[in-house]
Amino acid sequence: MVQQPFSISYRLDDLGDVAQMLLDRLGEDPVWVFDAPMGAGKTTLINELCRLLGVEEITNSPTFSLVNEYSTEGHGIIFHIDCYRLDNLAEGYRIGLNEYLESDNYCFVEWPAVVADMLPEDAVRLQIDPDPSDPGLRTLTYLGARYAGSFKYTVKEDE
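In this text, all values refer to a predicted model and were calculated from it rather than measured experimentally. (Residues numbered from 1 in each chain as written. Predicted model: local features only at pLDDT ≥ 70, side-chain atom pairs only at ≥ 80, totals over all residues. Heavy atoms only, no water.)

1. A short note on the overall build of the chain
Logical step 1: Per the secondary structure count, the chain includes four helices and seven strands.
Logical step 2: Listing every helix and strand of the chain by position from the N terminus yields β-α-β-α-β-β-α-α-β-β-β.
Logical step 3: Residues classed as buried in the chain amount to 48% of the 159 residues present. (Helix = DSSP H or I, 4+ residues; strand = E, 2+ residues; numbered from the N terminus. Buried < 20%, exposed > 50% of the residue type's maximum accessible area, 1.4 Å probe, protein only.)

Written as structure tokens, this is what we have:
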């Protein structure tokens, strides 16, 4: 089956709907990688995904801790991983990133480029791009793995 990318354009007010749509379509895959410029909304989207998966505690960026672990009732442990401070693949192995990625638990990985060789081929790959002409608008593109259909999220008109 040919894998096709899809794009979703959204505003932050739509984030709950976008996260639910992603979980409905891609939720069976445990490893998700998020590539985007600083401040594009990677952590914000991951926080919403965690909330929808049943995380009740406060979620935040693991930039300094590298990995945050969140417990849920129905989905076990969720790992939120931030590779921004890693300098190379060896550092990923030193922190045990391969063990997280092989755990079959949800792993949401920010700044994945430095550990790309460690990521499973079937990881959900998402790119977030802010719209330079409209700071409130984002485009999220699914770049890979298992999804074979396409859909388009309709941006809500400002009232």
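2. A look at helix α1 (residues 15-26)
Owing to its 3.6 residues per turn, the α-helix aligns residues three or four sequence positions apart on the same side.
Logical step 1: With twelve residues, α1 ought to run about 16 Å at 1.5 Å a step, and its terminal C-alpha atoms sit 16 Å apart, in line with that.
Logical step 2: Within α1, burial applies to L15, V18, A19, M21, L22, L23 and L26.
Logical step 3: Residues of α1 that are buried sit in contact with β1 (6-11), β2 (31-35), α2 (42-52), β6 (124-131) and β7 (134-144). (Expected span 1.5 Å × (residues − 1). Contact = heavy atoms within 4.5 Å.)

3. Brief notes about the pairing of strand β4 (residues 77-82)
Logical step 1: Among the six residues that make up β4, five are buried, leaving the element largely enclosed by the rest of the structure.
Logical step 2: Note that strand β3 (residues 67-71) and β4 share five bridges and pair antiparallel. Following the sheet pairing, E69 is matched in β4 by F79.
Logical step 3: Both β4 and strand β5 (residues 107-110) contribute to a ladder of four bridges, which runs parallel. If you follow H80 over to β5, its bridge partner there is F108. (Pairing = 2+ DSSP bridges.)

4. Some details on the sheet that holds β7
Logical step 1: Taken in spatial order, the seven strands of this open sheet run β1-β7-β6-β2-β5-β4-β3, and their pairing is mixed. Both outer strands of the open sheet, β1 and β3, are each paired with one neighbouring strand and no more. Taking the axes of each pair of neighbouring strands and ignoring which way they run, one obtains an average angle of 20° across the sheet.
Logical step 2: In terms of strand pairing, β2 meets β6 through four bridges, oriented parallel. The residue of β6 that forms the bridge with W32 is V124.
Logical step 3: Seen against the sheet, α1 touches β1, β2, β6 and β7 and runs at an angle of roughly 155° to β1. (Axes fitted to C-alpha atoms, helices over the stretch in contact; angles between N-to-C directions.)

5. Some points on the side chain of T72
Logical step 1: Its location among the elements puts T72 in the loop between β3 and β4.
Logical step 2: Residue class for T72 comes out buried when judged on its relative accessible area of 13%.
Logical step 3: Among the polar contacts made by the side chain of T72, one reaches the main-chain amide nitrogen of H75 at a distance of 2.8 Å.
Logical step 4: One polar contact links the side chain of T72 to the main-chain carbonyl oxygen of G76, over a distance of 2.8 Å.
Logical step 5: Excluding residues within four positions of it along the chain, T72 makes contact with L53, G54, V55 and I78. (Polar contact = N/O pair within 3.5 Å; in protein donor to acceptor, adjacent residues only side chain to side chain.)

6. Quick word on the environment of G54
Logical step 1: Tracing the chain through its elements places G54 in the loop between α2 and β3.
Logical step 2: Setting aside residues up to four positions removed in sequence, G54 forms contacts with S71 and T72.

7. Considering the nonpolar core
For soluble globular proteins, nonpolar side chains are generally found buried alongside one another.
Logical step 1: Ranked by internal contacts, the top residues of the largest apolar core, which has 28 residues, are L22, W32, L45 and F108.
Logical step 2: If you list the elements that add at least two residues to this core, you get β1, α1, β2, α2, β6 and β7.
Logical step 3: For this core, the leading source of residues is α1, giving six residues.
Logical step 4: In contact with L45, other than residues within four places in its own chain, are L15, A19, L22, F34, I128 and L140.
Logical step 5: Counting residues in each nonpolar core, the second largest holds 17 residues, with I81, L97, L101 and M118 among its members. (Core = buried A, V, L, I, M, F, W, Y, C linked by side-chain atoms within 4.5 Å.)

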